[in-house]
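Report on the structure
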Amino acid sequence: MEYVVTAQEMRRFDTNTSEYFKIPSIVLMERAALACRDEILKRQKNLEQSLKGTGMTAKRRVLVVAGCGNNGGDGFALGRLLMQDGFSVDFVLAGKEEKATVQTQQQMESVRAYGGVIRRNLPDEEYDIIVDALFGVGLSRELSGFCLECVEYINRKNTFVFSVDIPSGIHADSGRVMGAAVQADVTVSFGFLKLGTLLYPGVRYAGRVVKASIGITQDSFLQQPPHIFTFTEEVSELMPARPADGNKGTFGKIALLAGCEGMAGAAVLSGEGAFAAGCGMVKIVGPESNRMILQQTLPEAMTTENIREAADWADVIAAGPGLSTGEKAKEQLRYLIRETTKPLILDADGINILAQDAELLTELNMRQKEAATRRKLALTPHPGELARLAGCTTKEALADPEGIITRWAQRLRAVVLCKGARTFAADPAGKLYVNQSGNSGMATAGSGDVLTGIVAALAAQEPDFFTAVCVGVYLHGLAGDKAAHVKSEYSMKAGDIAQMVPSLLL
């Protein structure tokens, strides 16, 4: 697990480090510059290796474009270190020197003491590296004037661009482009990953993101850690343990209410996802007309039309994929909400029915408020389904998915997702997971059905419900990445995602 920070959190941790742990801000700035210098020297060494024997040499001309804030101070310190390493470095200050922070003014004085010249205009020259140190995480307004001109200048140059902490022009919390943004090749993120570099479109501007330790550590949380996290480790390390003496009951029994007449495929895909993620048994609840198809395509699964019998038997219930919003489906969902207390995962039409039935939604809400009737509950909508549930437009859901799911997680005392290019998951306590795995090839029919099965399987094996959902999302995305590698993002299908899960768990 890795923490992901907002701008406000990062400023708080920075302040805690300086004020509580007494590490001066100028020391943190110097460490930041050293971390950036190391990345540039690493690139230079690789470039020199690639040119060996060609008669060509790796040039070392650098332009530092810096703002007046501490991000600019990082840039000036970096440029000064590169000067000492033999690089030819030019500096441009975007702003009035008297408005620069105290630390940035100190760094500018140091640059001049070493013979550097700080310009106020953009040079008409060519460079091998441009260092973007205009704005850090504090940017909150649209770029304009000379700062906008600097960003456009950097992007016009056909050269390697190195951003300090975050590409200038990217909002640190939303990833939004603030009028214009630097297109970086590499971004060095200090201390912790910034949310804006993980979200679209910010992720496209950040290039390769390198996390660097500069002295702002988890100690700086002072018992108030970030509320957002992500996974970057091998998914096999996150999977629930499998006792050697376990049996098919040990690894979970899932009742899957999925697949109305003509939609058996949704049930098949969900069942395949569940088995691939390690559950012991699956019982699919659906119409008699689907039974033969299910027995032929997924013979490992049991089938029934009896929702009560399946719910009594199961450890975890999942409902919604291909279910329809017909009267029978509504009746079955009402039964699950009113008469059962086992962990419940609602997807697709399970969510659509809730959105249409205000009385049932209110009843679910009331049951979740009471400890005696509260159950482990997860909703896994895509933006359209989330919008219907929340009573907003899809555009509004896409603009603030994390805010909407956080509110609904607290309201329903549930884990709530919003699936997308960056899937979010929120829990009732305010924790937020942002998923980095996955690709555009997963935007295909049935992909969400596979996720429902995977999440249900993990919920049946992992005691911590929120962890189960988050790991399920991560595993689903990684399987999608593997499917894209084999089939391409153009040609992969939802079934390919389920088929790739086992190879990730070897």
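See the structure printed just above.
Residues numbered from 1 in each chain as written. Predicted model: local features only at pLDDT ≥ 70, side-chain atom pairs only at ≥ 80, totals over all residues. Heavy atoms only, no water.

Some details on the overall build of the protein chain
- A tally of regular secondary structure across the protein chain gives 18 helices and 19 strands.
- The principal-axis extents of the C-alpha atoms in the protein chain amount to approximately 80 × 55 × 45 Å.
- Looking at the protein chain residue by residue over its 506 residues, the buried ones come to 57%.
- Counting only contacts in the protein chain whose residues sit at least 6 apart along the sequence, the fraction spanning at least 24 positions is 72%.
- Of the accessible surface of the protein chain, which amounts to about 21,400 Å², a share of 50% is contributed by carbon and sulfur atoms.
- In the protein chain, which carries 53 positive and 58 negative side-chain charges, the distance between the mean positions of the two groups comes to 1 Å. (Helix = DSSP H or I, 4+ residues; strand = E, 2+ residues; numbered from the N terminus. Buried < 20%, exposed > 50% of the residue type's maximum accessible area, 1.4 Å probe, protein only. Contact = heavy atoms within 4.5 Å. Areas by Shrake-Rupley, 256 points an atom, 1.4 Å probe, with all protein chains shown as cover. Lys, Arg positive; Asp, Glu negative; His and termini not counted. Charge placed at Lys NZ, Arg CZ, Asp CG, Glu CD.)

Let's talk about helix α5 (residues 145–156)
- Here α5 contains 12 residues, and its C-alpha end-to-end distance of 17 Å stays within 8% of the 16 Å for a straight helix at 1.5 Å per residue.
- Looking at α5, one finds that the buried residues are C147, C150, V151, Y153 and I154. The buried residues of α5 occupy an angular sector of 160° when projected down its axis, which confines them to one face. Opposite the buried face of α5, at more than 90 degrees from it, the exposed residues are G145 and R156. (Expected span 1.5 Å × (residues − 1). Arc of directions from axis to C-beta.)

Structural notes on the sheet that holds strand β13 (residues 302–304)
- Across the sheet, which stays open at both edges, the 12 strands sit in the order β8-β1-β10-β19-β18-β17-β16-β15-β14-β11-β12-β13 with mixed pairing between neighbours. Strands at the two margins of the open sheet, each flanked by one partner only, are β8 (193–194) and β13.
- Relative to β8, strand β1 (residues 2–5) runs parallel, the two being bridged by 2 bridges. Opposite V4, over in β8, you have L193 as the bridge partner.
- Taken strand by strand, helix α15 (residues 401–412) contacts β16 (377–379), β17 (415–418), β18 (424–426) and β19 (432–434), and its axis lies near 30° from that of β18. (Pairing = 2+ DSSP bridges. Axes fitted to C-alpha atoms, helices over the stretch in contact; angles between N-to-C directions.)

So, the environment of G249
- Take G249: it is sitting in the loop between β10 (228–230) and β11 (253–257).
- Sequence spacing of G249 and A314 is 65 residues, and the spatial spacing of their C-alpha atoms is 9.8 Å.
- Every residue in contact with G249, bar those within four places of it in the chain, is listed here: M281 and D315.

What to know about the pattern of salt bridges
- The tally for this structure, following the rule as stated, stands at 21 salt bridges.
- A salt bridge links K419 to D347, with the nearest nitrogen and oxygen atoms 3.1 Å apart. In this pair, K419 is assigned in the loop between β17 and β18 and D347 in the loop between β15 (344–346) and α11 (349–356), connecting sequence segments 72 residues apart.
- Overall, K419 belongs to the buried group, its relative accessible area being 15%.
- Between K487 and D496 there is a salt bridge, and its shortest N-O distance comes to 2.9 Å.
- In this structure D496 comes out as buried when scored by relative accessible area, which is 5%. (Salt bridge = Lys/Arg side-chain N within 4 Å of Asp/Glu carboxyl O.)

Looking at the sheet that holds strand β5 (residues 129–133)
- One open sheet holds the 7 strands; their spatial order is β4-β3-β2-β5-β6-β7-β9, and the pairing between them is parallel. Of all strands in the sheet, those with a lone pairing partner are β4 (118–119) and β9 (208–212), marking the two edges.
- Both strand β6 (residues 160–164) and strand β7 (residues 186–190) contribute to a ladder of 3 bridges, which runs parallel. Bridge assignment links S163 to a residue of β7, and that residue is T187.
- Each of β5, β6, β7 and β9 touches helix α2 (residues 25–51); the most contacted strand, β6, lies at about 160° to it.

Notes on unusual backbone geometry
- In this chain, Y200 is followed by P201 through a cis amide linkage whose omega measures 5°.
- Checked against the element boundaries, P201 lands in the loop between β8 and α6 (202–206).
- We note that Q223 has phi near 65°; this positive angle belongs to a residue other than glycine.
- You can see Q223 is positioned in the loop between β9 and β10.

What to know about the packing of aromatic side chains
- In the structure shown here, the tally under the stated rule is 11 aromatic pairs.
- Here F192 and F221 contribute two aromatic rings whose centre-to-centre distance is 5.3 Å and whose plane-to-plane angle is 40°, an arrangement assigned as tilted. Taken together, the residues span a long stretch of sequence, with F192 in the loop between β7 and β8 and F221 in the loop between β9 and β10 at a distance of 29 residues. Each member of the pair, F192 together with F221, is buried.
- Relative to Y474, the ring of F231 lies with its centre 5.6 Å away and its plane at 45°, an arrangement referred to as tilted. (Phe/Tyr/Trp six-rings, centres within 6.5 Å; stacked < 30°, edge-to-face > 60°.)

Observations concerning a positive patch on the surface
- A grouping of K369, R374, R411 and R413 is seen on the molecular surface, where their side chains present a positively charged patch.
- Locating R374 in the fold gives a position in the loop between α12 (358–369) and β16.
- For R374, a relative accessible area of 37% corresponds to the partly exposed category. (Patch = residues over 30% accessible without salt bridge, like charges linked within 9 Å, V, L, I, M, F, W, Y side chains within 5 Å.)

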